[in-house]
Amino acid sequence: SEVYMRDPERPGLLETCRGFLSRFNKEVVLHVKVSYANALASLSREVLVLMKDVLLVDLLKNCVFNRKIGNNDPEVRKASLRTIFKMVEKIGLSQMTHENFGKIFDTQALSIKDYTLDKRGDIGCIVREETMNVYLDFLNLMVKEKEEKKDDPPKIISELMDKVDLKKVISGILTQILHP
């Protein structure tokens, strides 16, 4: 039953989740890894609260380009960024520490500079676009929960100079939200 699956004290549930996270980290097939990232956000709130630090470490390292990580495709980075937001949205801002937010926003600052190229072209644009969308979602969530968190405005303003039009629009919106 749903109550049974939501009980974090249920024997084996946390071990199952750890195994699931381990599979996410070891997966080499792109679409399977993206599915694992998306599925991590569907864990119950109770389990996410208990495992948030472990989940954050693994998801954050998959948000930025790293040759040492198996299948670190932009789609995986995009899914990891979105999963972090869904996780925070589900457990609530009050469950997150300042250190957690620092790590999240530092990672977003790195992923916004993703200019990786391959035979498909500028594949980093997928990650940059998702970073801006997730950043906007975080700001809206913070306003919704009446939490005040502001990033360094010059970072956001500097993004206005980028050549990607969508980023310019979202950067403008973020600047208006931070400085009405």
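Residues numbered from 1 in each chain as written. Predicted model: local features only at pLDDT ≥ 70, side-chain atom pairs only at ≥ 80, totals over all residues. Heavy atoms only, no water.

This part is about the confidence of the model for the chain. A residue-level look at the chain finds 73% of positions with pLDDT of 70 or above and a mean pLDDT of 79. Confidence, expressed as mean pLDDT per element, reaches its minimum in the chain at helix α8 (residues 153–159) with 45 and its maximum at helix α5 (residues 74–91) with 94. Segment residues 1–5 is flagged for pLDDT under 50; beyond a separation of four residues in sequence, or across chains, it makes four contacts in the model. (pLDDT = per-residue confidence, 0-100. Helix = DSSP H or I, 4+ residues; strand = E, 2+ residues; numbered from the N terminus. Contact = heavy atoms within 4.5 Å.)

Attention now moves to the pattern of salt bridges. By the definition in use, this model includes nine salt bridges. We note a salt bridge from Lys 61 to Asp 58, for which the minimum N-O separation is 3.4 Å. Of this pair, Lys 61 and Asp 58 both sit in helix α4 (residues 45–61), three residues apart, which is roughly one turn of that helix. On the basis of relative accessible area, Asp 58 is assigned to the buried category, the value being 11%. Each of Asp 73, Asp 118 and Arg 120 takes part in a single network of salt bridges with overlapping partners. (Salt bridge = Lys/Arg side-chain N within 4 Å of Asp/Glu carboxyl O. Buried < 20%, exposed > 50% of the residue type's maximum accessible area, 1.4 Å probe, protein only.)

The next subject is the environment of Ala 109. Within the secondary structure, Ala 109 sits in helix α6 (residues 98–111). C-alpha separation for the pair Ala 109 and Val 64, spaced 45 residues apart in sequence, amounts to 9.8 Å.

Turning our eyes to something else, we now look at the packing of α4 against α5. Where α4 meets α5, the axes come as close as 10 Å, and the angle between the chain directions of the two elements is 155°. In terms of orientation, α4 and α5 fall into the roughly antiparallel class. Relative to α5, the crossing made by α4 is left-handed. Mapping the contact onto sequence places Arg 45, Leu 48, Val 49, Lys 52, Leu 55, Leu 56, Leu 59 and Leu 60 in α4 and Ser 80, Thr 83, Ile 84, Met 87, Lys 90 and Ile 91 in α5. (Axes fitted to C-alpha atoms, helices over the stretch in contact; angles between N-to-C directions. Parallel < 35°, antiparallel > 145°, perpendicular 65-115°, else oblique. Left-handed = near helix turned anticlockwise from the far one by under 90°.)

Let us look at the packing of aromatic side chains. Each aromatic ring pair is characterised by the separation of its centres together with the angle its planes make. Counting across every chain of the model gives four aromatic pairs. Seen in terms of ring centroids, Phe 105 and Tyr 135 are 5.5 Å apart; in terms of plane orientation they differ by 85°. Their pairing is edge-to-face. Of this pair, Phe 105 sits in helix α6 while Tyr 135 sits in helix α7 (residues 124–144), and the two are 30 residues apart along the sequence. Residue Phe 105 is classed as buried on the basis of its relative accessible area, which comes to 14%. For Tyr 135, a relative accessible area of 7% puts it in the buried group. Plain terms: the ring middles of Phe 105 and Phe 138 are 5.7 Å apart, the flat faces sit at 70° to each other, and that makes the pair edge-to-face. (Phe/Tyr/Trp six-rings, centres within 6.5 Å; stacked < 30°, edge-to-face > 60°.)

To continue, consider the environment of Asp 114. You can see Asp 114 is positioned in the loop between α6 and β1 (117–118). Between the C-alpha atom of Asp 114 and that of Glu 129, which follows or precedes it by 15 residues, the distance is 9.9 Å. Asp 114 has contacts with Arg 77, Gly 124, Cys 125, Val 127 and Arg 128, leaving out every residue within four places of it along the chain.

The next subject is the environment of Ile 123. By the secondary structure assignment, Ile 123 is in the loop between β2 (121–122) and α7. The spatial distance from the C-alpha of Ile 123 to the C-alpha of Glu 75 is 9.0 Å, given a sequence separation of 48 residues. Those residues in contact with Ile 123 that lie beyond four places of it in its chain are Pro 74, Thr 116, Leu 117 and Asp 118.

Running from N to C, α4 and α6 point in directions that differ by 15°, and their axes come no closer than 11 Å. In terms of orientation, α4 and α6 fall into the roughly parallel class. In the packing of α4 onto α6, the handedness of the crossing is left-handed. Together, Lys 52, Asp 53, Leu 56 and Leu 60 of α4 and Asn 100, Lys 103, Ile 104 and Thr 107 of α6 make up the contact between the two elements. Considered class by class, the residues forming the contact of α4 with α6 number three nonpolar, two polar and three charged. (Nonpolar A, V, L, I, M, F, W, Y, C, P; charged D, E, K, R; others polar.)

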